[in-house]
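Structural features, examined
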Amino acid sequence: QVQLVESGGGLVQAGGSLRLSCAASGRTFSRYGMGWFRQAPGKEREFVAVINWSGGSTKYADSVKGRFTISRDNAKNTVYLEMNSLKPEDTAVYYCAAATRWPTELRIGVQSYNYWGQGTQVTVSS
């Protein structure tokens, strides 16, 4: 079992920055990949970023590439999402998720993740 708790969401003006954190507990954190997803009202949950078990490999959705950075601290059992140059279209509930079956491959599909946090709201005003 893996428990995930996100924090760091909030209201920010367009062009601003936020850093989301996701604290994990349960199974050995350094043995699985971690992803961030988001879901806007009336839309499906979509992939944002993923990082492998060591932090050595990452992948991003085209919509956030160059603006968002995913990282992890295995000593703290935490994954981060640094979000810069935020746009109103980034407004959504952001979820972190664990892909315990995929420690090395960078999976972008929702179905590859078997544990999810409760989500944290990010609102970007224009």
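Above this text sits the structure in question.
These lines cover the structure that appears in this document, whether it is placed above or below.

The rules behind these values
Residues numbered from 1 in each chain as written. Predicted model: local features only at pLDDT ≥ 70, side-chain atom pairs only at ≥ 80, totals over all residues. Heavy atoms only, no water. Disulfide = S-S within 2.5 Å. Helix = DSSP H or I, 4+ residues; strand = E, 2+ residues; numbered from the N terminus. Buried < 20%, exposed > 50% of the residue type's maximum accessible area, 1.4 Å probe, protein only. Polar contact = N/O pair within 3.5 Å; in protein donor to acceptor, adjacent residues only side chain to side chain. Contact = heavy atoms within 4.5 Å.

Overview of the state of the cysteines
One pass over the structure, following the stated rule, counts one disulfide. Paired through a disulfide, C22 and C96 show a sulfur-sulfur distance of 2.0 Å. One disulfide, between C22 and C96, carries an S-S torsion of 50 degrees and so falls in the right-handed class. Here C22, found in strand β3 (residues 18-26), pairs with C96, found in strand β9 (residues 92-99); they are 74 residues apart in sequence, far enough to count as distant. Judged by relative accessible area, C96 falls into the buried class, the value being 0%.

Remarks on the side chain of R72
On the secondary structure map, R72 appears in strand β7 (residues 68-73). In this structure the side chain of R72 is engaged in a polar contact, spanning 2.8 Å, whose partner is the backbone oxygen of F29. At 3.0 Å, the side chain of R72 forms a polar contact with the backbone oxygen of Y32. Ignoring any residue separated from it by four or fewer positions in sequence, one finds R72 in contact with F29, S30, Y32, G33, M34, I51, N52, W53, S54, G55, T78 and V79.

Scope: geometric values only; no functional claims are made or implied.
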